[in-house]
Amino acid sequence: MSELLTASTTDDYRSLVDESSARVAVRFAEVTQPSSGASRAELQRLVDGVDLAGSGVGGSAAIREIDELFLANAVWFHHPGYAAHLNCPVVIPAVAAESILAAVNTSVDTYDQSTVGTLMERRLIETATGWVGFGSGDGVFTSGGTQSNFHALFLAREAAVPTIEEPRSIALSRMVVFATASSHFSVGKSALLLGLADDAVIEVADDGEGRMLPSALDAALDAAAAEGRVPMAVVATGGTTDRGVIDPIMRIADVCDAHGVWLHVDAAYGCGLLVSRRRRHLLTGIERARSVTVDFHKSFFQPVSSSAILVRERRDLAAGAWHADYLNPLENDEPNQVDKSLQTTRRFDALKLWVSLRAIGADRIGEMFDAVIDLAVEVGDVVDDDPELELVGRTQLSTVLFRVRPDGASPAEQDALVAGVRRVLFESGRALVAKTVIAGRPCLKLTLLNPETTLDDVREILAMVKGAASTLASIDDELELVGVDA
Ligand SMILES: *Cc1c(COP(=O)(O)O)cnc(C)c1O
């Protein structure tokens with residue numbers, strides 16, 4: 001008997017995968033809230049109770065156990081009560097593709113390990129650079145937006161180094177990156193990993209709603225040059241994680257061109273606009289970027305991981321090439337994706353997007369993203385009209401930022417309620433919302449990425465938010481009455 005998936009075990013393979021998908025299907029059908037609400041102590045007890053040192057219970061028993069341990073307590077992004085982070089429900093063709101790529105276990109590092117898979121990934125990259133509007137361009141799939149941003153800034157660094165006539169270490173200490181306070185934290189983290197100075201990320205002023213001011217960028221570039229710093233890259237965000245607003249890319253590109261600096265557009269969140277018929281214009285100017293981050297696992301409804309870095313100039317990717325005798329020696333003229341990637345062994349994630357495009361088409365994906373943006377507009381109006389709620393800015397994508405203001409609550413009390421409300425909902429498992437800080441004040445955040453969620457579903461979440469807030473506020477009042485410091 002063999003446990004490996006081989007020619008002689010295809011019946012075992014079918015029955016175990018069938019059983020797994022059957023269990024998942026039952027959970028999808030029967031789940032009544034986005035999470036079980038089990039406490040961390042209870043989950044820890046369940047996890048610690050599993051014997052990982054023994055000889056094994058067999059596939060079927062192990063999957064049954066996973067049903068009760070993991071599926072019973074998972075966080076379900078398809079449930080309309082889930083509105084916390086940038087996680088999407090996934091399209092079925094992509095899930096089917098995921099099971100195919102896991103079984104075949106292709107690694108798209110060298111051509112001799114993936115052959116047709118390499119050509120398919122390359123074709124998809126061509127498709128994606130076409131969406132962006134790069135004339136030719138290139139790119140590679142990555143594990144996520146964090147890696148794509150890191151990779152892009154690495155390429156920008158390598159492009160900047162040869163322009164400086166001094167030892168590399170000194171050049172690095174002078175390099176700077178420009179981004180707004182609303183840019184993703186992976187920008188700052190990348191600067192750290194790339195060996196730049198502690199003060200290398202220069203915060204560019206925004207318009208008060210989180211969008212970069214091109215005039216402020218222009219001034220910041222001048223100021224940095226006057227201080228002897230070397231502008232390495234400007235990061236414009238094509239949909240900020242919290243406010244869901246888009247930097248004015250075209251005008252930022254003008255400034256970047258005038259200063260001769262690398263423009264990176266982080267469209268991890270907003271990339272779904274690339275295939276939207278109604279809102280593609282929001283990303284106008286993205287074709288002038290030198291590099292772009294897209295996260296298909298955010299707004300293309302793909303299972304994690306599915307992301308890519310795209311570049312306008314083919315040759316830019318070469319900065320990360322490295323040649324190993326055993327894998328991709330210089331004289332090898334095969335199309336080795338490892339020459340373009342920061343990873344070596346790498347999943348064939350491209351297959352999921354490929355199957356999705358073939359099964360339902362890019363237009364449909366764009367419509368699905370449009371649907372969540374439409375919903376966010378409606379929810380924004382509902383929040384704005386509700387005297388118990390306070391809308392914090394307007395999104396261009398699908399987040400809704402707000403605070404609760406129960407009768408008579410001061411701003412400080414409203415701020416204090418944010419964390420409590422999130423926790424009460426989280427512990428109930430009935431609705432999951434996020435919290436963040438905008439202009440120094442905490443607020444609640446809904447991230448809407450489920451095109452089947454209705455306005456009524458969101459009204460229910462808002463009702464739970466208000467219920468939790470008034471309970472917390474009245475507990476607070478009672479504690480005050482009896483003289484306890486809450
Ligand atoms: C989510 C996000 C990222 C990071 O992407 P991961 O796939 O989570 O690594 C980067 N930039 C923005 C704007 C994001 O919203």
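The present account deals with the structure reproduced in this document.

**Points about a nonpolar patch on the surface**
Phase 1: Together, Leu5, Tyr13 and Val17 give the surface a local cluster of nonpolar side chains, amounting to about 240 Å² of exposed area.
Phase 2: Here Tyr13 lies in helix α1 (residues 10–30).
Phase 3: Owing to a relative accessible area of 33%, Tyr13 belongs among the partly exposed residues under this scheme.

**Some thoughts on the site of the ligand**
Phase 1: Around the ligand, a shell composed of 15 residues is seen, among which Thr146, Asp266, Asp295, His297 and Lys298 lie nearest.
Phase 2: In the environment of the ligand, an oxygen atom lies 2.8 Å from a nitrogen or oxygen atom belonging to the backbone of Gly145.
Phase 3: Thr146 places a polar side-chain atom, nitrogen or oxygen, 2.7 Å from an oxygen atom of the ligand.
Phase 4: Protein contacts shield 86% of the accessible area of the ligand, which totals 380 Å² for the unbound molecule.

**Some details on the side chain of Ser114**
Phase 1: Checked against the element boundaries, Ser114 lands in helix α5 (residues 111–114).
Phase 2: Overall, the relative accessible area of 6% leaves Ser114 in the buried class.
Phase 3: Here Ser114 is in contact with Thr106, Ser107 and Val108, once residues within four sequence places are set aside.

**Quick look at the pattern of salt bridges**
Between side chains of opposite charge, a pair can form as their charged atoms come close.
Phase 1: With the rule as written, the count across this model stands at 37 salt bridges.
Phase 2: As a salt-bridge pair, Asp138 and Arg314 come within 3.6 Å of each other at their nearest N and O atoms. Of the two residues, Asp138 is situated in strand β2 (residues 138–142) and Arg314 in the loop between β8 (307–311) and α13 (350–360); the sequence distance between them amounts to 176 residues.
Phase 3: A relative accessible area of 7% places Asp138 in the buried class.
Phase 4: On the basis of relative accessibility, which here comes to 47%, the residue Arg314 falls in the partly exposed class.
Phase 5: Between Asp386 and Lys466 there is a salt bridge, with its nearest N and O atoms 2.5 Å apart. Highlighted residues: Asp386 in the loop between α14 (362–385) and β9 (389–391) and Lys466 in helix α16 (residues 455–481), separated in sequence by 80 residues.

**Topic: the pairing of strand β5 (residues 230–237)**
Phase 1: Within β5, seven of the eight residues are buried, leaving the element largely enclosed by the surrounding structure.
Phase 2: Pairing between β5 and strand β6 (residues 262–267): five bridges, direction parallel. Residue pairing across strands places Val234 opposite Leu263, the latter belonging to β6.
Phase 3: Taken together, β5, helix α11 (residues 249–259) and β6 constitute a β-α-β crossover, and its handedness is right-handed.

**Focus on the sheet that holds strand β7 (residues 291–295)**
By definition, the strands of a sheet pair up through backbone hydrogen bonds, in either a parallel or an antiparallel sense.
Phase 1: Taken together, the seven strands give an open sheet; going across it, the order is β2-β8-β7-β6-β5-β3-β4, and neighbouring strands pair in mixed fashion. The sheet is open, and its two edges are formed by β2 and β4 (201–203), each paired on a single side. Between one strand axis and the next, the sheet turns by 20 degrees as a mean value, whatever way the strands run.
Phase 2: Two strands pair when backbone bridges link them, and β2 and β8 are joined in this way by five bridges, in the antiparallel orientation. Residue Thr142 lies in a different strand from β8, and its bridge partner there is Ser307.
Phase 3: Taken strand by strand, helix α6 (residues 116–132) contacts β2, β7 and β8, and its axis lies near 115 degrees from that of β2.

Calculation criteria
- Residues numbered from 1 in each chain as written.
- Predicted model: local features only at pLDDT ≥ 70, side-chain atom pairs only at ≥ 80, totals over all residues.
- Heavy atoms only, no water.
- Patch = residues over 30% accessible without salt bridge, like charges linked within 9 Å, V, L, I, M, F, W, Y side chains within 5 Å.
- Areas by Shrake-Rupley, 256 points an atom, 1.4 Å probe, with all protein chains shown as cover.
- Salt bridge = Lys/Arg side-chain N within 4 Å of Asp/Glu carboxyl O.
- Helix = DSSP H or I, 4+ residues; strand = E, 2+ residues; numbered from the N terminus.
- Buried < 20%, exposed > 50% of the residue type's maximum accessible area, 1.4 Å probe, protein only.
- Near = heavy atom within 4 Å.
- Polar contact = N/O pair within 3.5 Å; in protein donor to acceptor, adjacent residues only side chain to side chain.
- Contact = heavy atoms within 4.5 Å.
- Pairing = 2+ DSSP bridges.
- Right-handed = clockwise from strand over helix to strand, strands pointing away.
- Axes fitted to C-alpha atoms, helices over the stretch in contact; angles between N-to-C directions.

Fair warning: the whole summary comes from geometry, so function is off the table for now.
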